[in-house]
Each structure stands twice: as structure tokens, then as C-alpha cells.
Amino acid sequence: MHFPIARRPTLNKRLSRHLWSRVAFLVFVCVALPGFAATEPVALPQAGETLALGPHIEHLEDPERSLTLEEARASADRFRPNSSEVLNIGYNRAGHWVRFQLRNSGAEPLKRFLEFRSLFADRLNLYAPDEQGHYTKVESGRLVPPPDRPFQSRNFVFPLTVPPGGEALYYLYVDSADTLTIPLYLHTDTGLVHTELTSRSWLSFYQGLILTMALFSIFLLATLRDRVYAYYIGVIVVHQGLFFTLFNGLGYQYLGLEDPWWSREAMSVLVSLSMWMIMQFGRVLLATRDEQPLLDRVIVLIQHAALVIMALSFVVDYSVSIRLANPHGAVTAAAMWVVGWNSLRKGNPAARYFLIAWSMLIVGGIAYSLKSWGLAPSNLFTEHSWQIGAAIEAIFLSLAIADRINTESQQRIRHQQEAQLAQAQALDIQRKANDMLEQNVKERTEELRKANRKLQQLSDTDQLTSLSNRRSLDRFLTHTIARARIDRKPVAVLMIDVDHFKPVNDTHGHQVGDDSLREIAARIQNSSRWPADMVARYGGEEFCVVLPNTDRQSAMSVAQRMRDSVASEPVTTRIGRLKLTVSLGVYAAVPTEDDSKDSFLEQADIALYQSKQEGRNRVTLLGATAS
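The rules behind each value
Residues numbered from 1 in each chain as written. Predicted model: local features only at pLDDT ≥ 70, side-chain atom pairs only at ≥ 80, totals over all residues. Heavy atoms only, no water. Helix = DSSP H or I, 4+ residues; strand = E, 2+ residues; numbered from the N terminus. Buried < 20%, exposed > 50% of the residue type's maximum accessible area, 1.4 Å probe, protein only. Contact = heavy atoms within 4.5 Å. Areas by Shrake-Rupley, 256 points an atom, 1.4 Å probe, with all protein chains shown as cover. Salt bridge = Lys/Arg side-chain N within 4 Å of Asp/Glu carboxyl O. 1 Å grid on protein atoms, 1.4 Å probe; cavity = no way out; pocket = protein on both sides within 12 Å on 5 of 7 lines; lining within 4 Å. Points joined across faces, edges and corners; volume = space filled by probe spheres on them. Nonpolar A, V, L, I, M, F, W, Y, C, P; charged D, E, K, R; others polar. Pairing = 2+ DSSP bridges.

## Structural notes on the overall build of the chain
Here is step 1: When helices and strands are tallied, the chain shows 18 helices and 20 strands.
Here is step 2: Relative to its full complement of 627 residues, the chain shows a buried share of 46%.
Here is step 3: When contacts within the chain are restricted to residue pairs at least 6 apart in sequence, those whose partners lie at least 24 apart make up 74%.
Here is step 4: Looking at the chain as shown, the accessible area adds up to about 32,000 Å², and 58% of this sits on carbon and sulfur atoms.

## So, the pattern of salt bridges
Here is step 1: Here the structure, examined in full by the defined rule, presents 25 salt bridges.
Here is step 2: Across the pair Lys612 and Asp497 runs a salt bridge, and its minimum N-O distance is 2.5 Å. Within this pair, whereas Lys612 is found in helix H18 (residues 597-613), its partner Asp497 is found in strand S14 (residues 491-498), the two being separated by 115 residues in sequence. The exposure classification of Lys612 matches that of Asp497, with both residues buried.
Here is step 3: The partner of Glu519 in a salt bridge is Arg523, with the nearest N and O atoms 2.6 Å apart. On the criterion of helical spacing, the pair formed by Glu519 and Arg523 is a turn pair, its members being four residues apart in helix H16 (residues 510-526).
Here is step 4: According to the relative accessible area criterion, Glu519 is partly exposed, its value standing at 21%.

## Section: the layout of surface pockets
Here is step 1: Taken as a whole, the second largest pocket spans an internal volume of roughly 720 Å³.
Here is step 2: Around the second largest pocket sit 26 residues that line it, and Arg227, Val284, Ala287, Asp290 and Arg404 are the ones nearest its centre.
Here is step 3: At the level of elements, helix H6 (265-286), helix H7 (288-291), helix H12 (385-439) and helix H15 (502-508) are the ones that each hand at least two residues to the lining of the second largest pocket.
Here is step 4: Residue contributions to the lining of the second largest pocket peak at five residues, all from H12.
Here is step 5: Grouping the constituent residues of the lining of the second largest pocket by class yields five nonpolar, nine polar and twelve charged.

## A short note on the pairing of strand S7 (residues 110-116)
Here is step 1: When you tally the buried positions in S7, you get five out of seven residues, the bulk of the element.
Here is step 2: With seven bridges connecting them, S7 and strand S10 (residues 156-162) associate as antiparallel partners. Looking at S10, one finds that Lys111 is bridged to Thr161.
Here is step 3: Taken together, the four bridges between S7 and strand S13 (residues 184-187) define a ladder with antiparallel strand orientation. Paired with Phe113 across the bridge in S13 is His187.

## Observations concerning the environment of Met556
Here is step 1: Here Met556 shows up in helix H17 (residues 552-567).
Here is step 2: You can call Met556 buried: its relative accessible area is 16%.
Here is step 3: Separated by 32 residues in sequence, Met556 and Ala588 have C-alpha atoms that sit 9.3 Å apart.

## Overview of empty space enclosed by the protein
Here is step 1: For the coordinates displayed, the defined rule picks out two cavities of 30 Å³ or more.
Here is step 2: In terms of lining residues, the largest cavity is bounded by 22 residues, among which Arg149, Leu246, Gly249, Leu250 and Ser263 are the most central.
Here is step 3: Looking at the lining of the largest cavity, the elements with two or more residues in it are helix H4 (227-247) and helix H5 (251-255).
Here is step 4: Counting residues per element, the lining of the largest cavity draws most heavily on H5, which supplies three residues.
Here is step 5: Partitioned by chemical class, the residues of the lining of the largest cavity number twelve nonpolar, six polar and four charged.

## Observations regarding unusual backbone geometry
Here is step 1: The phi angle at Ser466 is positive, at roughly 65°, despite the residue not being glycine.
Here is step 2: Counting through the fold element by element, Ser466 comes out in the loop between helix H13 (441-459) and helix H14 (470-487).
Here is step 3: Even without being glycine, Asn549 reaches a positive phi, approximately 50°.
Here is step 4: Within the element layout of this structure, Asn549 appears in the loop between strand S16 (542-548) and H17.

Structure, rendered in C-alpha cells:
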């Protein structure tokens, strides 16, 4: 009767001891041996294989970037598992610890390669255990010069020697001023070679394509002298060339750039410079200043922002400059796409190629970002999607330029045909006039004389300014010098150039420049003395005045009057009044037998050059001090 009662306390004591032993074991595992609380061990990849470690890792955030290895190992309960191929952190000032276990069931140590497939990690510290469980620290990342990294590769690679006969727990610390992703892959030696060979093959093809297009564009620039090719070359060299060379981690291998500056700060500089160059190319190609003036002003503001960010990249911390450069790049992408779409709607044939090119770059960038954030699989396409988009962009931009040149060529042909038609019509009119002359010689002869005088006047007149043109000037100056040589009278020649006129055309457009030239020509004409003086347009923004029977003093007086007439009051144009000045060169002499119109023009031009050299808005008499 009492035997069962006597046995029950003994059983309860055994159960109690068993329970407490389990609790003690769990406490020991969680506290005393935190390193063994990691995820399930991963079998090492075999020959030729590559293993994505993302689903097999655990991570721990280090907000102060201050944890030591011992503190990280003691924080086993704070590590969180990851299930995706790529751990996406984003912009985060914290440091991050990652741990994973590898199993080597063999009897010999095995060598494998750990690849961190992102070039935006500033510091990478790998803590690898040896057979006795002691940890060795290996450093890499952007802040470590390429020659000092543990393995020479465009990505960050760590050689691993996994101890035999069990499991080894590895810790990896990483931080970055950039958006941070943690893509970890474990390779065998042949797997790593295959991965790098595949990547290098594509990059070599891409770089060869870009180099070929750049050289061909340089040839076209030298041949056609169209500035759109200069900006296109800038896009190719800065964006597709330099930026992607550094972006792909090839700055050291290709250009010998060891300083970490080229892996970090140079990126924000080149991003901003690339955006400026692409916007400038788009403005010239699509003629936004004339066709989309409002959007053109917006693009100019975005360009100025790019230059500001580029300048700030040299003086502020990289974490600040890259956070400015990336949103600016997104704004640029959207703005230029809208410009391309509007240009296409307005009927610009080059816009369709520009829009395709720009869309391909945007799509490639999005695909690469999705891969980096772990939202798209990592494969040959997503790994190089941005460069693929850039290569397609370069090809279609060249097609856009070709279409633009073709359109301009067709316009020239059409204008030539119209000119030929007009010439044929003129010849037909002349033949009819000849037939009519036979019927009424006297009347028609007089009409023909009037027509010839009108044609002569038109052929001797500059159509923009209504002054005499260069042809009329040459004839008049030759006659004047010949007569002055006989009469032993002096002749004065004034060369006039509008100061800083090119910025007027570049800033306000050629129509405003034409308005300015017309009014300046009228002021110069009104400042001459009498009808015997000739005022002519010499070419571009240059004018020439011939003063018969005029000595040096009188010539200087006329020149000063002409200079004052321009400088005294702003010039009226369609956009308002512009402050402009002119520089003058004066040469006056009695012609000798050796003198000609060319020698007089040359001497006046030398005097004009002196006025330009000495500050502009002045008159220089050859051999005298500028005034």
C-alpha cells in the first residue's frame, strides 16, 4: 500500500532535475556559447559551383559602428535571419554585422572564395576562424586601396580556408555612406573564374563599343564641325566611359587609380558632370532653346544644380554629396524624358531616337536597382543592365544625330532646288524680256537698265543692315586708293568690331543679334560725314568705313564719333535694350605705288586688334596710343 507513495517523490525529483538540466543547457547555449546560435550550417559548394549565401545569413545592426567581434558574438539573440538572396539595407548610417556557418565534412581544409558583389561598401571586415577557433580579421572595402585588398578583383573577394571535420562560424562587418545592400556569394576557384570571366567578357564588349563610338564621333566632329558631336563625345567619355569604369570597380585595373577618393567622391562628381553633359547634349540636339523655351530654362536650372553638387563633392562629406547627386539624377531623368516627349510631339524626327535612348538608360538603371535591392534575381542581364541601357543609349543617340544631319541635309537640298527653280524662272523672265526688246527696243531697254540698276544695287547691298557689302567695299576702296595715289591725297580706313557679340547670339539667339547689328549699322552710318564716305558691312559683326581725302586727325574724330554713337545709348532689340560697345582701328595715309586695298585693310585690322587687346570700346590709330 505504501510502496507507490514512497516511489512518487523519487520520480518527481528526477523529473525536476531533468527539467533544470535542460534549462541550464539552454542558458549555457544562449549566453556562454552565443556563436553556436547561428543559422543552419551551409555545405560548401563543390567544384565549379557558386552559392548565394543570402538566405543563409543572419544580420545585426550596429547603430554606433562601435561593436567589437566579442560584443557581436555575445549579442547572438539580436541577430535576425534573412530569407532573400540580397539583404537590402538602403541608406543607413549604422554598421551591420553578418554571420553564417559553413560545413566542411572532409578531413582536409578546403579553400573557397567569398564575394561581396557590391562596390558601395566602405569597410568590410571579415572574421574567419581557424581550426582552434581563433578569429583572424581581414579588411577590404572602398576605403582600402586596391593593392592592399586580400584578393585582386573588381568586386570585394575574400579567400577562405574552411577548417575540416565540422562547422565554422564567420562574421562580416560592413558599413557604407551609400545605399547599402549585402550580396554574398561563395565560390570555388573555378566558379569564381567563371563568374569573373563572364562579367569581364561583357564589360570588354561594352568598353570596346563605347571606345569605337567615341573615336568615330571624334572623326565626325573633325569632319563636320558640328558642336552636337562635341557634347556627344562628352557624354560618351564622361558617362559611358569614366563613370562606368569607376562604377564597375575598374579604376585601378585600367587607370591605376589607387586612392579611395576615386571609389567614392569621384562617383558623385562624375554623376553630376554626366547629368550636365547629357542635358547640354539634349538641349543642342533637340533645339530646346527655340522649340521649348520654358522647359529649356528648367533644364538650365537643373544643369546649374549639377554644377553646384559637383563642386560640393570636393568639400562636403561623401554621404552628403551622394544623397544630393542621386535625387538630382532622378530629376534629370524625368525632365529629359519630358523634353524628348514634347520634342517628338512637335515633329522633331531626332526626338524618337533620343526618347528611345533615354528610356533604355532609365529601364537599365531601374533593373539594376531592383537587382541591388534584392527585388530581382541576380543574373547576367540584371548584373549589367545599367551598362546595357547605357550602350543602347549611346547607339540610339548616335542615330538621333544622324537623323538630325539627314534632316538638315534634306533642307539644304530643298533650298538648293528652290534656288535653282528661282534661277530658272529668272532666266525665263530674261528670255521673255529679250523677246519684248525686239518689239520695243527703246522702252524695254530703259526698263532693263532700271532692272539692272536695281539688281546692281541689291548685289552691292548687305541684306541685313542695308549697308554696302564686301564686294561693293572692295570695288570702292580700290578705286579710291587709285585716285588718291594720283591726287596725292590721304585715304582713311576704319575697321569696326562689335565687342563681346558672340555671347549675345549664344544667350539671346541670332534674331536678337540681327536686331543689334541693324541698329549699330544705322548709328555708324549716321555718324559719317558726307555721301562720299562709304560704310560697309565687312562680315559677321565687323564693319568698315572708307573716308576719302581724310587725314589722321579727321579720321580719329569720325571714329570717336562712331564709337560714342554706339556706347552712349543701349541698343534696342526684340527682347529689350542691350548695352553694347564697339572697338575701332584707324589707318590713314597717302597711298604709294606699293599700297593696295588689302594693305590698307590689313593696317586698319592691326589697329583694331590693338584696341581689342587694350580693353575694347576704344579707338586705336596705327602707331598711336589707344583712346
